[in-house]
Structures are given as C-alpha cells and as structure tokens.
Amino acid sequence: MKIINGGVCAAKGYKAAGVHCGIRKNHIKKDLALVVSDVKANAAAVYTTNLVKGAPLDVTKKHISDGKAQAIICNSGNANTCNANGIEIAEQMSALVEADFGISKDDVVVASTGVIGQPLDIAPIAEGIKDLKKELSYDGAEDAAEAILTTDLAKKQVAIEFELGGKTCRIGGMAKGSGMIHPNMATMLVFITSDVAISSEMLRKALSSDIANTFNMVSVDGDTSTNDMVVVLANGLAGNKEITKDDADFAQFMKALNTLNMSLCRMIAGDGEGATKLLECAVSGAADIDTAKTIAKSVICSSLTKAAMFGADANWGRVLCAIGYSGADVDVHKIDVSFRSAKGTVDVCKNGAGIEFSEEKAKEILLEKEIDILVNLNSGNEEAKAWGCDLTYDYVKINGDYRT
C-alpha cells in the first residue's frame, strides 16, 4: 500500500474538471467541479446530522438510493440551503449533467457549499457546464479539488494504491472543509473514487464504519454544518473479484479507505479557518473505546485548549478541564498529559497533578506547526485520536463578515 498522485482521477476510469462559472464574485476562484466515471459505479454516502440540511443532500439521497452513481457535480460559493426552490435547482444541476454528458440525472450526486440562505441561480451553472465539458479529463483532479473550496487555503487530495487478489487497485479522494467543522459530520464535502469491485452493500458498510473513527473525530469550531456529505464511488474497473462479504479483501479495502480518510482528516483540521497549527489528541489507556473517543473529542473541541496552543502556552490544566466535563467516567487521579511535536516531548501532568517541567522547552515544542496532545488514562488498553486546530484572531475576522 502506497500513497500516489492523482486525487479523484488516480483510480481507473475517472475524469474530473473544475472551472469558474460566476457563482463566486472572485473571478480567479473556480466554483464548479465535476467528476465522472466511465461506467456506472456502486455508491455510498453519509450526511450531516444537522436537522437543517441543504437541498443537494435530499436530491443525492434519492439519486443513490439504488446504490448507484456515475457523476458528481459540486458548486462552491452558495450552499443552496434554506431556499424555497432548492430542490428544483439541485435537480436542474443533475439534468444539466444528463443533457451534456449523457448520464442519467438519477445517477448524479449533487453537492453545494458556501453561504446559507442565498438564492442559487442556475444560469451560471448552465454556462459552466459547457466549460466543464471542454476541460473534463483524466488529469483534471487538481482543478476539481480547487473548485470545491470555500474559505480553505489549500487543496485537499490524496490517493492510495494497493493490491487485491493480484490486481492493482486505487482509491483517491478530495475534500473541502475549513470552518463549521464538528464531529458527527461537519461542513466538509468529501468525494472518494475507487476502481475496486465491491458491492454497494459492502461499500456502505465500509464507509459508515470508517467515518466513526475519522471524519467524526474532526472539530475546528464546534459548529455542525448543513451541507456535509462524504460520497464514495467504486466502478470495478480494477478487475478484482467483487467484494461481497467481510473477508480478507474487504479488510484490505477498509485499510486503504482508512488511510485515505485519515490523511484527509489531518488536512481538514490543519486548514481550519484562521488556523496556524494542526492539533491531534491521542488518548490511550482507556477502559473502552467510547471513553477514549469522548475524551479525545472533548479536548480537541476545548476553546481554551485551542487558544493555549495558539499562544504556545503549556496550560495543561485546560486539557484536564476538558476531560472533566466530557461526561466520560474516568479516574482523574490516574491521568498523565504530555505535549509533543517535532521538537520533542514534554511531560506536564502525572496522576492528575502538575509536575515540574521546563517552560522554555515546552514553548519550543508548542511553537511547531503540528502538536500532539497525549493523554494516558492508565485504566485500560483502548485508544482513540481526534483532530483539530488552534483558535486564532483570524477565525473571528473570517466569520465576522463571512456573508457580506
């Protein structure tokens, strides 16, 4: 198993494109993306838990209810959420793909991201489809990955190559997500493509089980968005024996999917709005997995801990505080806490109490771009990780006038 280039076009039989069609005022930024499989693919998706959902989610749920899809269209700059004609616009986006690419509108995944409650005009999308048709190619992953971004500062894409039954298989993905990121889905869009032959049922099982330990363990700001979805397509062109049960091939596919998703999680967390640092909370020594996950999430969501990391302040008491209100049943007198980065590791808490440490060394460690917050509960063998970022002045600046 190895990381390769190519993003959503790394797997066999996928083309992509990204263009500026006019939804966004900034003409430099692309705002319409398309991914197309050469053949109809098996499909699975998970969606935001927010009761307020973007119209594209309802349309996508209907379109892939049969476990099939062949194309993904996504616009940025407008979420198409809380609009009276939102469903109609999302269906029109699918119809445009059908008209220009010969793919049934019922096999189109539709996604939108951007400002909530603003009408979405279909006219620029209709124009943009023509440009997408010109640009669509097996090398179009970079443009597509750019076109789905909103406040993101960097494109997020990765691809993995691995073997199943002697056949070379690939899985690739692209994501967007910077603000409104919180566990149980967040304002993220993730599109995953694979050439593996796997049934729709097993694809759903793989995705739903993996997000519990990946995308649902990411938090930037505590806000769960309205438009999140993670979609995976698998077109079978790798030629492996179709995965239809929980066997060794399924385990290998799960490993590749998890590797890809973990990479995208770190990219999303590290590119949080206004962020300067990627934070990872690694909890070990838990009595059960739910306790480990609950504590990891609580620490990574703590605004005070996030602010301390921004200031490179080894204020470990904020970590203990977040553990204490997490709701997890733990013995606080057994907890150890350390901070780690490329500059080394500093132990700051032992058995729930402070210990002597060098503030100078701690500062040096916490000034790095990637920080690990290590929590050992010393009460069992289970472990979990969660990802987030520091809380900076720029987060308020970005969101203070996001709409205007």
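Quick notes on the rules
- Residues numbered from 1 in each chain as written.
- Predicted model: local features only at pLDDT ≥ 70, side-chain atom pairs only at ≥ 80, totals over all residues.
- Heavy atoms only, no water.
- Buried < 20%, exposed > 50% of the residue type's maximum accessible area, 1.4 Å probe, protein only.
- Helix = DSSP H or I, 4+ residues; strand = E, 2+ residues; numbered from the N terminus.
- Pairing = 2+ DSSP bridges.
- Polar contact = N/O pair within 3.5 Å; in protein donor to acceptor, adjacent residues only side chain to side chain.
- Contact = heavy atoms within 4.5 Å.
- Expected span 1.5 Å × (residues − 1).
- Phe/Tyr/Trp six-rings, centres within 6.5 Å; stacked < 30°, edge-to-face > 60°.
- Lys NZ or Arg CZ within 6 Å of the ring centre and 35° of its normal.
- Patch = residues over 30% accessible without salt bridge, like charges linked within 9 Å, V, L, I, M, F, W, Y side chains within 5 Å.
- Areas by Shrake-Rupley, 256 points an atom, 1.4 Å probe, with all protein chains shown as cover.
- Salt bridge = Lys/Arg side-chain N within 4 Å of Asp/Glu carboxyl O.
- Lys, Arg positive; Asp, Glu negative; His and termini not counted.
- Charge placed at Lys NZ, Arg CZ, Asp CG, Glu CD.

Visitor: Before we move on, could you go through the pairing of strand β14 (residues 370-376) and cite the residues and values that matter?
Guide: Burial of β14 is extensive: 5 of the 7 residues sit out of reach of the surface. Here strand β10 (residues 278-286) pairs with β14 via 7 bridges, running parallel. Across the sheet, residue L279 finds its bridge partner in β14, namely I371.

Visitor: Kindly report on the side chain of D336, identifying the contributing residues and their values.
Guide: Its location among the elements puts D336 in strand β11 (residues 336-341). Residue classification places D336 among the buried residues on the basis of a relative accessible area of 13%. In terms of polar contacts, D336 uses its side chain to reach the side chain of N378, at 3.0 Å. Those residues in contact with D336 that sit more than four places away from it in its chain are C349, K350, N351, L374, V375, N376 and N378.

Visitor: Tell me about helix α3 (residues 122-135), residues and numbers included.
Guide: Its 14 residues give α3 an end-to-end C-alpha distance of 20 Å, which sits within 8% of 20 Å, the value for a rise of 1.5 Å per residue. Where α3 is concerned, the buried positions are I122, P124, I125, G128, I129 and L132. Contact partners of the buried residues in α3: β2 (14-19), β3 (32-47), β4 (68-78) and α2 (86-101). For α3, the N-terminal cap is D121; the gap from its side-chain oxygen to the backbone nitrogen of A123 is 3.0 Å.

Visitor: Could you give me a rundown of the pairing of strand β8 (residues 189-194), with the residues and numbers involved?
Guide: Counting buried residues along β8, 6 of its 6 residues qualify, which places the element largely inside the surrounding structure. Residues L189, F191 and T193 line one face of β8 and the alternating positions V190, I192 and S194 line the opposite face, and both faces are buried. Inspection of the sheet shows β8 paired to strand β9 (residues 229-234) by 6 bridges, in the parallel sense. Bridge assignment links T193 to a residue of β9, and that residue is L233.

Visitor: So what's going on with helix α1 (residues 55-63)? Residues and values would help.
Guide: In an α-helix there are 3.6 residues to a turn, and that puts residues three or four apart on one side. For α1, the full list of buried residues reads A55, P56, L57, V59, T60 and H63. Packed against the buried residues of α1 are β3, β4, α2, β5 (108-115) and β9.

Visitor: Go over the packing of aromatic side chains with me, naming the residues and quoting the values.
Guide: Throughout the structure, instances matching the rule amount to 1 aromatic pair. Between F310 and Y393 the ring centres are 5.3 Å apart and the planes differ by 90°, which places this aromatic pair in the edge-to-face class. With a gap of 83 residues between them, F310 in helix α8 (residues 303-310) and Y393 in helix α11 (residues 393-400) connect regions that are remote in the sequence. For F310, a relative accessible area of 29% gives the class partly exposed. Residue classification places Y393 among the exposed positions, given a relative accessible area of 64%. K61 extends its terminal NZ or CZ atom over the ring of Y47, reaching a point 5.0 Å from the ring centre.

Visitor: Describe in detail a negative patch on the surface, supporting the description with residues and values.
Guide: Where like charges cluster on the molecular surface, the negative patch consists of D288, D290, E382 and E383. Looking at the element boundaries, E383 is found in strand β15 (residues 382-389).

Visitor: Talk me through the side chain of N83; I want residue IDs and the actual numbers.
Guide: Counting through the fold element by element, N83 comes out in the loop between β4 and α2. Setting aside residues up to four positions removed in sequence, N83 forms contacts with N78, G117, Q118, P119 and L120.

Visitor: Any details on the pattern of salt bridges? Residues and values, ideally.
Guide: Here the structure, examined in full by the defined rule, presents 16 salt bridges. For the salt bridge of E146 with K30, the shortest nitrogen-to-oxygen distance reads 3.7 Å. Remark: K30 occurs in the loop between β2 and β3 and E146 occurs in helix α4 (residues 141-147); sequence separation between them is 116 residues. A relative accessible area of 24% places E146 in the partly exposed class. K350 is the salt-bridge partner of D336, the closest N and O atoms lying 3.3 Å from each other. Residue D336 is found in strand β11, and its partner K350 is found in strand β12 (residues 344-350); the two are separated by 14 residues along the sequence. By sharing partners, the salt bridges in this structure join R266, E280, E370 and K385 into a single network.

Visitor: Tell me about the environment of G77, and name the residues and values.
Guide: Its place among the elements puts G77 in strand β4. On the accessibility criterion, G77 (26% relative accessible area) is partly exposed. When the C-alpha atoms of G77 and A312 are compared, they prove to be 34 Å apart, with 235 residues separating the residues in sequence.

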